[in-house]
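Residues per chain, in single letters:
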Amino acid sequence: MAEKQTHTFQTEVSQLLDLMIHSLYSNKEIFLRELVSNASDAVDKLKFKFLSDDTLIEGKEELQIHIDVNKDANTITITDNGIGMTEAEVNKNIGTIANSGTKKFLKNLDEKQAQDSNLIGQFGVGFYSSFIVADKVELITRKAGSKGKKGTKWTSTGKGKYSIESVNCPNFGTTVTLHIKKDEKEFLDDYRLRSIVSKYSDHITVPIMMIKASEDDKDIEYERINKANAFWAQDKRDLKQEDYDEFYKSLTYDFEAPLTQLHNRVEGNLDYTSLLFIPSKAPYDMWEPKRKGGIKLYAKRVFIMEDNEALMPLYLRFVKGVIDTADLPLNVSREILQGNKVVGTIRKASVSRVLKELEKMVKNKPEDYAKFWQEFGMVMKEGVVEDFANKDKIAKLLRFATNKSENSTQTATLECYVKSMQKDQKAIYYITAETYEAAKGSPHLEIFNQKDIEVLLLSDRVDEWMVSNFGEFDGISLKSIAKGDLEDLDSKEEQKAKEKVAKNFEKVIEKMQQILDAQVKEIKVSSRLSESPSCLVANENEMGGNMERIMKSLGQDVPDTKPILEINPTHPLVKKLRTKIDEDLVKVLFDQAVLSEGGQLKDPTEFVKRMNKLIN
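What this report covers is the structure whose coordinates are included nearby. (Residues numbered from 1 in each chain as written. Predicted model: local features only at pLDDT ≥ 70, side-chain atom pairs only at ≥ 80, totals over all residues. Heavy atoms only, no water.)

### Focus: the overall build of the chain
- The helix and strand inventory of the chain stands at 21 helices and 22 strands.
- Pairs at least 24 residues apart make up 71% of the contacts formed inside the chain by residues separated by at least 6 positions.
- When the accessible surface of the chain is totalled, it reaches about 31200 Å², and 47% of it is carbon and sulfur. (Helix = DSSP H or I, 4+ residues; strand = E, 2+ residues; numbered from the N terminus. Contact = heavy atoms within 4.5 Å. Areas by Shrake-Rupley, 256 points an atom, 1.4 Å probe, with all protein chains shown as cover.)

Spelled out as structure tokens, the structure:
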């Protein structure tokens, strides 16, 4: 590309830039943290690439980040000799960001949050924070190892357009020049910039350089302004909670302090340090299939990689931090890591530490654990299925709402449930539904409420998958109250009375079956219902209605099965059928049962017509 080309930003990026320029103002200094962090990542990537290709670092330069201020030109320039970018990568990463991060960032900002620029890094849009303090941004970059000296220049004033052109670029890496706004000249002060670096980026292992103050302006000498000391390598006895909080924020771009941290130094058969954080808020992309993992892996303080599932199981994907080991070669690849015994041992120990920390939180800081569960409860439920070795530990950490709960807040434990079980109760009962309200109002609960038996109300989207793979807890199996028979709830006298009633309805059921033969497998007198006229039940080993809906929503093939329709012989509508079999009434009873369990009617219009007929 010889000539300068001008492009228009995506709509979302234009919205973001407008927000950066006009709304984010409570913490403007964050722009430097973001740009320094980007530069540090670029240097780390080059270090890793250099391990397998030593031609990338031309002339074996020392890898650094430089911050230069030109008060006459009103500019701040951040330069790194990291991996750099090609023209295509500039277009992809800066000009036309098309990932969900930008959209989700805009969606999650309300009027109050718009004042907190700490949010920007959390959503992967940190480069654009430049426009908080600059009215023009220029970026010049060249990919390390590229042939020739041709680089790419990107320029924008943040007003809807940007330009890209090819330029001569003697050095690989990236240079970002900010043309500072007239009312933001405080950031042209050398001491101000040094204090920002000290606050946010002191731990970065890449040397951050600024010109050393000198009486002779002609004598230019750079000095390192960050300690460049791996934070996690420090003795935890020398660190305060404030130190951990600041490191966590700089590592994760989170704007809140973590709930807790786990700082461990292990020596012996393995030699490694781990510093793991449990956040206080769930990341915006926790449910994104392609989200990055939260653990950064270092080998002898050299950054190797992040987003590595080998270090932490998927259900603990909210854990952030670093693991630094001396037992891995610097040129280890992602493929080698997958089956590496060292990594497997570190992972096992890290998972154990996280679970023990959560157990301690339950015991010593129940209020903190309640906050944790509200944010991360759903992903913890995945662990019951994914991590069989720790299933019992995870099961004790689970929290649920029940039919005895005052509201939808999940506070009941399985241990407490088992302790409060009735004398002859043989199972831990549960019901799944799309919402808490639907579970709470299910007709299947009527007999349990009547007999004062506790039932777990499961409405999280992972619950159906979790309980179908749960098995048992403390030797007691879990049972859905919407499947199979519930004879074990009745006394012998109650069973005999219901059998007698069922005989009186044999002819009614026979005629109902003829009418609903295409929709139901069987019709029977219910032992569940005391108030509702009807409900649908699945066979013990078949998929329930809620699971069917979930599978269909995921585009999965669902086997054709018919439910069982149970009727309540004490309900006035059902009693009417003993006098006369009304086809409309029979179909209404079925449709009501479908609706009460959260299903959808195939023909809502016909249901309305039948209801109107019966009312008239």
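### A word on the packing of helix 2 (residues 30-50) against helix 6 (residues 190-200)
- Two elements in contact, helix 2 and helix 6, have axes whose closest approach is 9 Å; the angle formed by their N-to-C orientations is 65 degrees. The two elements helix 2 and helix 6 meet at a crossing, and its hand is right-handed. Taken together, the residues of helix 6 that come into contact with helix 2 (itself represented by Ile 30, Leu 32 and Arg 33) are Leu 193, Ile 196, Val 197 and Tyr 200.
- Of the residues that constitute the contact of helix 2 with helix 6, the class distribution is six nonpolar, no polar and one charged. (Axes fitted to C-alpha atoms, helices over the stretch in contact; angles between N-to-C directions. Left-handed = near helix turned anticlockwise from the far one by under 90°. Nonpolar A, V, L, I, M, F, W, Y, C, P; charged D, E, K, R; others polar.)

### Section: helix 6
- Buried residues of helix 6: Leu 193, Arg 194, Ile 196, Val 197 and Tyr 200, and no others. In an axial view of helix 6, the angular spread of the buried residues amounts to 160 degrees, which keeps them on one side of the axis.
- In this structure, the buried side of helix 6 is in contact with helix 2, strand 2 (65-70), strand 3 (75-80), strand 8 (208-211), strand 9 (222-224) and helix 7 (241-252).
- Between the side-chain oxygen at the start of helix 6 and the backbone nitrogen of Tyr 191 there is a gap of 3.2 Å, and the oxygen is on Asp 189. (Buried < 20%, exposed > 50% of the residue type's maximum accessible area, 1.4 Å probe, protein only. Arc of directions from axis to C-beta. Polar contact = N/O pair within 3.5 Å; in protein donor to acceptor, adjacent residues only side chain to side chain.)

### Focus on the sheet that holds strand 22 (residues 564-567)
- Strand order in the open sheet formed by three strands is 20-22-21, with mixed pairing between adjacent strands. Lying at the two open borders of the sheet, with one neighbouring strand each, are strand 20 (522-525) and strand 21 (534-537). Averaged over all pairs of adjacent strands, the angle between their axes in this sheet comes to 25 degrees, without regard to strand direction.
- Examined bridge by bridge, strand 20 and strand 22 share four bridges and lie parallel to one another. Residue Glu 522 lies in a different strand from strand 22, and its bridge partner there is Ile 564.
- In this fold helix 17 (residues 506-515) packs onto strand 20 and strand 22, with an angle of close to 150 degrees to the strand it touches most, strand 20. (Pairing = 2+ DSSP bridges.)

### Overview of the nonpolar core
- Counting 72 residues, the largest nonpolar core has Phe 318, Phe 372 and Met 380 as the members making the most contacts within it.
- By residue number, the principal contributor to this core is helix 9 (residues 341-364), which donates eight residues.
- Residues in contact with Phe 372, not counting those within four places in the same chain, are Leu 259, Ile 278, Phe 318, Leu 358, Met 361, Gly 377 and Met 380.
- One finds Ala 42, Val 43, Phe 127 and Ala 144 within the second-largest nonpolar core, a separate group that totals 49 residues. (Core = buried A, V, L, I, M, F, W, Y, C linked by side-chain atoms within 4.5 Å.)

Bear in mind that shape data such as this cannot, by itself, settle questions of function.
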